[in-house]
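This is what each chain is made of:
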Amino acid sequence: MSTAVTAEPANNSPAPEVSERISDVEVSEEEITLELTDGRVVSVPLSWSWRLEEATLEERKNFEISPSGYSVHWPDVDEDLSARGALRGTPAPRPRSAPPAEEPGEWTPGRIKQMRNNLGVSQGELARRMGVRQATVSDWETGKQSPSPMARRLLDRIAGGTDAEASGGDEVVSS
């Protein structure tokens, strides 16, 4: 049932803040957006909820904000998301019974940049799609840091078929 939310906070966890109440929800092809009662808008990548990512458009549109306003429930896919989880950046883990995730692809600095260029997006846009900072994408493209396995899986999904011709993780140099 639950992924990034629990019915009651753990004994060692403080109760949700009043400002963590949800007033509206929108699910697009790329992200889940929660509007909070204090005016803040929080978006997380759709890939953070594997159930919603695999759901149909109609299933995504059918949600219920809890009476307390601290969470939202999608009954058709039995998914729950809390404002607290979204604010703290807590992706929904797959249950252990789910099939194991495919091994993520290798993402070299050149391959990341080439994929981004093929998609025609800026570093900032790619960062937004992935739920990371623009500086993180820049660091990946310059080799200052490498994407985590989770980030590599997201890159695999975003890339789709755009870099199928890339030579198995070899550096792609563009002129």
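Residues numbered from 1 in each chain as written. Predicted model: local features only at pLDDT ≥ 70, side-chain atom pairs only at ≥ 80, totals over all residues. Heavy atoms only, no water.

1. Side note on the sheet that holds strand E6 (residues 79–82)
Here is step 1: With antiparallel pairing, three strands are arranged side by side in an open sheet as E4-E5-E6. The open sheet is flanked by strand E4 (64–65) and E6, the only strands paired with a single partner.
Here is step 2: With four bridges joining them, strand E5 (residues 71–74) and E6 adopt antiparallel strand pairing. What sits directly across from valine 72, in E6, is leucine 81. (Pairing = 2+ DSSP bridges. Helix = DSSP H or I, 4+ residues; strand = E, 2+ residues; numbered from the N terminus.)

2. Details of the pairing of E6
Here is step 1: Both faces of E6 are covered, namely the face carrying Glu79 and Leu81 and the face carrying Asp80 and Ser82.
Here is step 2: As consecutive antiparallel partners, E5 and E6 are separated by four residues, and within that stretch aspartate 78 has a phi angle of approximately 50°, a positive value. (Buried < 20%, exposed > 50% of the residue type's maximum accessible area, 1.4 Å probe, protein only.)

3. Focus on unusual backbone geometry
Here is step 1: The phi dihedral of aspartate 78 is positive, around 50°, even though this residue is not glycine.
Here is step 2: Inspection of the secondary structure puts aspartate 78 in the loop between E5 and E6.

4. Quick word on the sheet that holds strand E1 (residues 22–27)
The strands making up a sheet are joined through hydrogen bonds of the backbone, oriented either antiparallel or parallel.
Here is step 1: If you trace the three strands from one edge of the open sheet to the other, you get E1-E2-E3, paired in antiparallel fashion. Unpaired on one side and paired on the other, E1 and strand E3 (41–45) mark the two borders of the sheet. If you compare each strand with its neighbour and ignore which way they point, the axes differ by 15° on average.
Here is step 2: Two elements, E1 and strand E2 (residues 31–36), share five bridges in a ladder whose sense is antiparallel. By the bridge assignment, aspartate 24 is partnered in E2 with glutamate 35. (Axes fitted to C-alpha atoms, helices over the stretch in contact; angles between N-to-C directions.)

5. Comments concerning the pattern of salt bridges
Here is step 1: Scanning the entire structure with this criterion turns up 12 salt bridges.
Here is step 2: Where arginine 51 meets glutamate 79, a salt bridge forms, and the shortest distance between an N and an O atom there is 3.6 Å. Placement of arginine 51 in helix H1 (residues 50–54) and of glutamate 79 in strand E6 is noted, with a sequence separation of 28 residues between them. The exposure classification of arginine 51 matches that of glutamate 79, with both residues buried.
Here is step 3: Across the pair arginine 128 and glutamate 125 runs a salt bridge, and its minimum N-O distance is 2.9 Å. Of this pair, arginine 128 and glutamate 125 both sit in helix H5 (residues 123–130), three residues apart, which is roughly one turn of that helix.
Here is step 4: Of the residues examined, glutamate 125 reaches a relative accessible area of 22% and is grouped as partly exposed.
Here is step 5: Each of the salt bridges in this network shares a partner with another, and the network as a whole consists of Glu30, Glu31, Glu125, Arg128 and Arg129. (Salt bridge = Lys/Arg side-chain N within 4 Å of Asp/Glu carboxyl O.)

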